[in-house]
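Per-entry structural report
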Amino acid sequence: MDLYATLFEIIDMRSFSNLWYWIGLAVAWSMASYWVMGVPYDMIQRAGRIEGEAQEDLETIVRVNCNRITSLSEQSGMSLIAVASAILSSLVILGFWYGVEFAQAVFLLMFPMVFVGLMSARTAITIQSQALEGEALRRYLLRHRLLVQLIGMVAILITALWGMNHNLANGVLR
(Lines give C-alpha, C1' and ligand atoms only; values in the text may rest on other atoms or scores of the structure.)
Protein backbone atom coordinates (compact mmCIF):
# COMPACT_ATOMS: atom_id res chain seq x y z
CA MET A 1 0.00 0.00 0.00
CA ASP A 2 1.24 3.45 -0.77
CA LEU A 3 1.13 6.42 1.61
CA TYR A 4 -1.97 8.03 0.09
CA ALA A 5 -4.04 4.87 0.27
CA THR A 6 -3.04 4.40 3.89
CA LEU A 7 -3.89 8.01 4.78
CA PHE A 8 -7.25 7.88 3.03
CA GLU A 9 -8.02 4.61 4.79
CA ILE A 10 -7.14 6.04 8.22
CA ILE A 11 -8.67 9.49 7.67
CA ASP A 12 -12.09 9.09 6.11
CA MET A 13 -12.43 11.82 3.48
CA ARG A 14 -16.21 11.53 3.08
CA SER A 15 -18.16 14.42 4.56
CA PHE A 16 -20.95 12.93 6.64
CA SER A 17 -18.76 10.25 8.20
CA ASN A 18 -15.88 12.64 8.81
CA LEU A 19 -15.46 14.05 12.31
CA TRP A 20 -13.91 17.23 10.92
CA TYR A 21 -17.10 18.09 9.02
CA TRP A 22 -19.17 17.87 12.20
CA ILE A 23 -16.61 19.92 14.14
CA GLY A 24 -16.69 22.52 11.37
CA LEU A 25 -20.49 22.58 11.42
CA ALA A 26 -20.54 23.08 15.18
CA VAL A 27 -17.91 25.83 15.03
CA ALA A 28 -19.73 27.63 12.21
CA TRP A 29 -23.00 27.74 14.14
CA SER A 30 -21.41 28.62 17.47
CA MET A 31 -19.57 31.52 15.81
CA ALA A 32 -22.76 32.66 14.06
CA SER A 33 -24.65 32.76 17.34
CA TYR A 34 -21.78 34.33 19.33
CA TRP A 35 -21.14 37.21 16.93
CA VAL A 36 -24.47 39.05 16.82
CA MET A 37 -24.32 41.55 13.94
CA GLY A 38 -20.53 41.55 14.27
CA VAL A 39 -20.71 42.25 18.02
CA PRO A 40 -19.54 39.62 20.51
CA TYR A 41 -22.27 38.34 22.81
CA ASP A 42 -20.29 39.09 25.96
CA MET A 43 -20.20 42.77 24.97
CA ILE A 44 -24.00 42.84 24.87
CA GLN A 45 -24.15 41.20 28.30
CA ARG A 46 -21.59 43.60 29.75
CA ALA A 47 -23.48 46.60 28.37
CA GLY A 48 -26.61 45.32 30.11
CA ARG A 49 -24.82 44.89 33.44
CA ILE A 50 -22.57 47.94 33.54
CA GLU A 51 -24.20 50.38 31.08
CA GLY A 52 -22.38 53.73 30.82
CA GLU A 53 -19.21 53.38 28.74
CA ALA A 54 -19.91 49.71 27.92
CA GLN A 55 -23.28 50.71 26.44
CA GLU A 56 -21.66 53.52 24.43
CA ASP A 57 -19.07 51.08 23.08
CA LEU A 58 -21.84 48.65 22.11
CA GLU A 59 -23.84 51.35 20.33
CA THR A 60 -20.73 52.54 18.47
CA ILE A 61 -19.81 49.07 17.24
CA VAL A 62 -23.41 48.28 16.29
CA ARG A 63 -23.66 51.60 14.41
CA VAL A 64 -20.44 50.86 12.49
CA ASN A 65 -21.51 47.31 11.64
CA CYS A 66 -25.02 48.40 10.62
CA ASN A 67 -23.53 51.05 8.32
CA ARG A 68 -21.22 48.41 6.83
CA ILE A 69 -24.00 45.87 6.30
CA THR A 70 -26.51 48.34 4.84
CA SER A 71 -23.98 49.91 2.48
CA LEU A 72 -22.92 46.43 1.32
CA SER A 73 -26.53 45.43 0.72
CA GLU A 74 -27.27 48.68 -1.15
CA GLN A 75 -24.16 48.54 -3.34
CA SER A 76 -23.76 44.81 -3.94
CA GLY A 77 -26.98 43.24 -2.71
CA MET A 78 -28.30 42.04 -6.05
CA SER A 79 -24.88 40.74 -7.11
CA LEU A 80 -24.49 38.84 -3.83
CA ILE A 81 -27.95 37.32 -4.25
CA ALA A 82 -27.14 36.26 -7.82
CA VAL A 83 -23.79 34.70 -6.87
CA ALA A 84 -25.24 32.94 -3.82
CA SER A 85 -28.14 31.63 -5.89
CA ALA A 86 -25.77 30.30 -8.55
CA ILE A 87 -23.55 28.60 -5.97
CA LEU A 88 -26.48 27.08 -4.08
CA SER A 89 -28.12 25.92 -7.32
CA SER A 90 -24.87 24.28 -8.39
CA LEU A 91 -24.55 22.56 -5.03
CA VAL A 92 -28.13 21.29 -5.19
CA ILE A 93 -27.62 19.88 -8.68
CA LEU A 94 -24.26 18.32 -7.86
CA GLY A 95 -25.30 17.06 -4.46
CA PHE A 96 -28.83 15.85 -4.84
CA TRP A 97 -29.11 15.12 -8.58
CA TYR A 98 -25.65 13.64 -9.15
CA GLY A 99 -25.15 12.36 -5.59
CA VAL A 100 -21.89 14.17 -4.74
CA GLU A 101 -21.67 13.88 -0.96
CA PHE A 102 -19.33 16.86 -0.53
CA ALA A 103 -21.77 19.13 -2.39
CA GLN A 104 -24.60 17.93 -0.16
CA ALA A 105 -22.55 18.70 2.94
CA VAL A 106 -21.57 22.18 1.76
CA PHE A 107 -25.16 22.95 0.78
CA LEU A 108 -26.47 21.87 4.18
CA LEU A 109 -23.93 24.22 5.77
CA MET A 110 -24.40 27.20 3.44
CA PHE A 111 -28.15 27.28 2.83
CA PRO A 112 -29.20 28.16 6.40
CA MET A 113 -26.38 30.70 6.63
CA VAL A 114 -28.03 32.58 3.75
CA PHE A 115 -31.06 33.10 5.98
CA VAL A 116 -28.82 34.36 8.76
CA GLY A 117 -27.23 36.83 6.35
CA LEU A 118 -30.61 38.07 5.12
CA MET A 119 -31.85 38.35 8.68
CA SER A 120 -28.73 40.34 9.62
CA ALA A 121 -29.36 42.77 6.77
CA ARG A 122 -32.96 43.23 7.88
CA THR A 123 -31.85 43.72 11.48
CA ALA A 124 -29.28 46.34 10.45
CA ILE A 125 -31.89 48.27 8.47
CA THR A 126 -34.35 48.11 11.38
CA ILE A 127 -31.76 49.29 13.91
CA GLN A 128 -30.86 52.23 11.69
CA SER A 129 -34.41 53.21 10.76
CA GLN A 130 -35.70 53.06 14.33
CA ALA A 131 -32.48 54.54 15.78
CA LEU A 132 -32.45 51.90 18.50
CA GLU A 133 -30.24 52.45 21.52
CA GLY A 134 -29.94 51.40 25.15
CA GLU A 135 -32.20 48.62 26.39
CA ALA A 136 -34.19 48.49 23.15
CA LEU A 137 -31.00 47.88 21.14
CA ARG A 138 -29.83 45.12 23.48
CA ARG A 139 -33.26 43.46 23.38
CA TYR A 140 -33.31 43.56 19.57
CA LEU A 141 -29.79 42.12 19.33
CA LEU A 142 -30.67 39.32 21.76
CA ARG A 143 -33.82 38.56 19.74
CA HIS A 144 -31.68 38.37 16.61
CA ARG A 145 -29.28 36.00 18.41
CA LEU A 146 -32.15 33.76 19.52
CA LEU A 147 -33.44 33.51 15.95
CA VAL A 148 -29.94 32.63 14.70
CA GLN A 149 -29.71 29.92 17.36
CA LEU A 150 -33.10 28.52 16.33
CA ILE A 151 -32.07 28.43 12.67
CA GLY A 152 -28.82 26.75 13.73
CA MET A 153 -30.58 24.08 15.79
CA VAL A 154 -32.94 23.22 12.94
CA ALA A 155 -30.05 23.21 10.44
CA ILE A 156 -27.93 20.92 12.63
CA LEU A 157 -30.89 18.59 13.16
CA ILE A 158 -31.62 18.35 9.43
CA THR A 159 -27.93 17.90 8.61
CA ALA A 160 -27.58 15.17 11.25
CA LEU A 161 -30.65 13.34 9.99
CA TRP A 162 -29.49 13.58 6.37
CA GLY A 163 -25.97 12.51 7.32
CA MET A 164 -27.19 9.50 9.32
CA ASN A 165 -29.51 8.51 6.48
CA HIS A 166 -26.67 8.84 3.99
CA ASN A 167 -24.26 6.81 6.12
CA LEU A 168 -26.80 4.06 6.81
CA ALA A 169 -27.93 3.87 3.17
CA ASN A 170 -24.37 3.64 1.88
CA GLY A 171 -23.14 1.20 4.52
CA VAL A 172 -20.44 3.55 5.80
CA LEU A 173 -20.87 2.51 9.42
CA ARG A 174 -20.38 -1.25 8.92
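Scroll up a little and you will see the structure.
So, here's what we can say about the structure. A quick note: this is a predicted structure, and the numbers were derived from the prediction, not measured.

Cut-offs used in this document
Residue numbers restart at each chain and count upward from 1, following the sequence in its written direction. Selection of residues for local features in this predicted model requires a pLDDT of at least 70, selection of side-chain atom pairs for listing and counting requires 80 or more, and totals for whole chains, interfaces and linings are taken over all residues. For side-chain calculations, the full set of non-hydrogen atoms in the structure is used, while hydrogens and water are omitted. Two rings belonging to Phe, Tyr or Trp (six-membered ring only in the last case) form a pair when the distance between their centres is within 6.5 Å. Interplanar angles under 30 degrees mark stacking, angles over 60 mark edge-to-face geometry, and anything in between is tilted. By the criteria applied, helices consist of DSSP H or I runs no shorter than four residues and strands consist of E runs no shorter than two, each listed in order from the N terminus. When a residue's accessible area, from a 1.4 Å probe over protein chains only, is under 20% of the maximum for its type it is buried; when over 50% it is exposed; and in between it is partly exposed. Criterion for a charge above a ring: Lys NZ or Arg CZ within 6 Å of the ring centre, and within 35 degrees of the ring normal. Here, axes are lines fitted to C-alpha atoms. For helices the fit covers the stretch in contact, and angles between N-to-C directions go from 0 to 180 degrees. In these notes the angle categories are as follows: under 35 degrees is roughly parallel, over 145 is roughly antiparallel, 65 to 115 is roughly perpendicular, and the rest is oblique. It is the rotation of the near helix from the far one that decides the hand of a crossing: anticlockwise by less than a right angle makes it left-handed, clockwise makes it right-handed. Whether two residues are in contact is decided by their heavy atoms, any of which lying within 4.5 Å being enough. Under the scheme applied here, ten amino acids are nonpolar (Ala, Val, Leu, Ile, Met, Phe, Trp, Tyr, Cys and Pro), four are charged (Asp, Glu, Lys and Arg), and all others, including Gly, are polar.

1. Details of the packing of aromatic side chains
As enumerated under the stated definition, the model contains six aromatic pairs in all. Residues F111 and F115 carry aromatic rings whose centres are separated by 5.1 Å and whose planes lie at 85° to one another, so their mutual orientation is edge-to-face. Remark: F115 and F111 occur in helix α5 (residues 101–130); sequence separation between them is four residues, near one turn of the helix. Classification of F111 as partly exposed rests on a relative accessible area of 36%. Here F115 falls in the partly exposed class, since its relative accessible area comes to 41%. Grouped by ring-pair contacts, the aromatic residues F96, F107, F111, F115 and W162 constitute a single cluster. The aromatic ring of Y41 is capped on one face by R145, whose charged end is 3.6 Å from the ring centroid.

2. Some points on the packing of helix α3 (residues 41–50) against helix α4 (residues 53–97)
In contact at an axis separation of 8 Å, α3 and α4 are set at 140° when each is read in the N-to-C sense. It follows that α3 is oblique to α4 by the angle criterion. Considering how the two elements wind past one another, α3 and α4 form a crossing that is left-handed. The residues of α4 that touch α3, namely those facing M43, I44, R46, A47 and I50, are A54, Q55, D57, L58 and I61. A breakdown of the residues in the contact of α3 with α4 according to their chemical character gives seven nonpolar, one polar and two charged.

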